[in-house]
Amino acid sequence: MIIKAENISYTYSEGGPFEKEALYNVSITINQGDFVGIIGHTGSGKSTLVQHFNGLLKPTSGKITVCGIDTLDKKANLKKVRTKVGLVFQYPEHQLFEETVRQDIAFAPKNMGLSERETQERVMWAASLVGLTDEILEKSPFEISGGQKRRAAIAGVLAMQPDFLVLDEPTAGLDPSGREEILFQIKKLHKETGITVAIVSHGMEDIAKTVEYLYVMNKGEIAMQGTPLEVYAQYELLEKMGLDAPQITKLMKHVYGVNICTVEDAKEYILGVAHRA
Ligand code: ADP
């Protein structure tokens, strides 16, 4: 088990004039090899929740264990937690600062005290996982495309060889082809390495065809959970939470009365109908 959160709540600035309860009674279990999505309106508590996954935040009440470590335990090795859970923040490329992409990806393994040879092996491994070529590794992070920058930043986290990769809005600000590419790489990474992945997003369509299980957050709580199909089938409920199901889901329900959440599945269904007619 990677994450076991039991009734965790979190309040910012507790007792102060700006006190804000951001998480309320959240229980969530994420197992080794899971590929989950966490969706919700802005301010619903997604970022607050995932910062509990690597011990950056500790619950105000409740309990969370990360790879078996209770983060509230005074003796907890939080440094270990942070190498086991790689958290990729929003717009991670803003943290690229070295002269070359290679040096940027090498930053974390170097800091972990690995030898130069081991570090370079990690760099090559992480770069290949996100589809960055040798040529790109020698470039400055400022001369590559937005999508490549984002992949370089993700590779920098992967170079720690975490057990669990958490990506906060990995497609934010990218053009459609950049979005497709990054999700394709994340899906491939999960398939090839079996790494546990959680993607935080408010982009419904993107996530529907990527993850295997979804948690929907609303006002600091987990309001719904299930496979993307199960969740999007309840699109009226999602709309009440200020979320929109993929257009294709609504269309297919309207026209054919079926639950479908990706364009590919809709195409298959429609061709099947045409074939049978
Ligand atoms: P999301 O990631 O879904 O947009 P957040 O977890 O960032 O949501 O925020 C949840 C709630 O907590 C929001 O009401 C937000 O304004 C509040 N919040 C987030 N960070 C802080 C902070 N550092 N101090 C006070 N309130 C915060």
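Residues numbered from 1 in each chain as written. Predicted model: local features only at pLDDT ≥ 70, side-chain atom pairs only at ≥ 80, totals over all residues. Heavy atoms only, no water.

> I keep staring at the overall build of the chain and nothing clicks. Help me out?
Per the secondary structure count, the chain includes 12 helices and 10 strands. In terms of C-alpha radius of gyration, the chain reaches 20 Å, essentially the compact-globule figure of 19 Å for 277 residues. Each principal axis of the C-alpha atoms in the chain carries an extent, and together these give about 65 × 50 × 35 Å. In the chain, which comprises 277 residues, the proportion classed as buried is 49%. Of the contacts made within the chain by residues no fewer than 6 positions apart, 61% connect residues no fewer than 24 positions apart. As presented, the chain carries roughly 13,700 Å² of accessible surface, and 50% of it is formed by carbon and sulfur atoms. The centroid of the 30 positive side-chain charges in the chain is displaced by 3 Å from the centroid of its 36 negative side-chain charges. (Helix = DSSP H or I, 4+ residues; strand = E, 2+ residues; numbered from the N terminus. Rg over C-alpha atoms; globule rule 2.2 N^0.38 Å. Buried < 20%, exposed > 50% of the residue type's maximum accessible area, 1.4 Å probe, protein only. Contact = heavy atoms within 4.5 Å. Areas by Shrake-Rupley, 256 points an atom, 1.4 Å probe, with all protein chains shown as cover. Lys, Arg positive; Asp, Glu negative; His and termini not counted. Charge placed at Lys NZ, Arg CZ, Asp CG, Glu CD.)

> Whenever I open this one, the pairing of strand β1 (residues 3-12) confuses me. Can you help?
By the bridge criterion, seven bridges tie β1 to strand β2 (residues 20-30) in an arrangement that is antiparallel. Paired with Tyr-12 across the strands is Lys-20, a residue of β2. Sheet topology note: the β1/strand β4 (residues 61-66) ladder contains five bridges and is antiparallel. Across the sheet, Lys-4 pairs through a bridge with Thr-65, a residue of β4. (Pairing = 2+ DSSP bridges.)

> Please explain the pattern of salt bridges as it appears in this structure.
Going through the model one piece at a time under the given rule, you end up with eight salt bridges. For Arg-150, the salt bridge goes to Glu-93, with nearest N and O atoms at 2.8 Å. On the criterion of sequence distance, the pair formed by Arg-150 in helix α6 (residues 146-158) and Glu-93 in the loop between β6 (85-88) and α3 (101-111) is long-range, its members being 57 residues apart. Residue Glu-93 is classed as buried on the basis of its relative accessible area, which comes to 14%. (Salt bridge = Lys/Arg side-chain N within 4 Å of Asp/Glu carboxyl O.)

> Honestly, the site of the ligand in this entry has me stumped. Any pointers?
Taken together, the neighbourhood of the ligand is formed by Tyr-12, Lys-20, Ala-22, His-41, Thr-42, Gly-43, Ser-44, Gly-45, Lys-46, Ser-47 and Thr-48. Note that an oxygen atom of the ligand is positioned 3.1 Å from one of the backbone N or O atoms of Gly-45. Take Lys-46: an N or O atom from its side chain is 2.8 Å from an oxygen atom of the ligand. For the ligand, the accessible surface in isolation is 560 Å², of which the surrounding protein chains cover 62%. Of all the elements, helix α1 (residues 46-53) adds the most residues to the shell around the ligand, at three residues. Here the shell around the ligand is composed, by residue class, of two nonpolar, seven polar and two charged. (Near = heavy atom within 4 Å. Polar contact = N/O pair within 3.5 Å; in protein donor to acceptor, adjacent residues only side chain to side chain. Nonpolar A, V, L, I, M, F, W, Y, C, P; charged D, E, K, R; others polar.)

> Is there a simple way to think about the environment of Met-112 in this case?
Within the secondary structure, Met-112 sits in the loop between α3 and α4 (116-129). Among the residues examined, Met-112 registers a relative accessible area of 34% and is labelled partly exposed. Each C-alpha atom of the pair Met-112 and Met-160 lies 8.0 Å from the other, and the pair is 48 residues apart in sequence. For Met-112, the residues in contact, after removing those within four places along its chain, are Thr-83, Arg-122 and Met-160.

Geometric descriptors of this kind do not, in isolation, establish any biological role.
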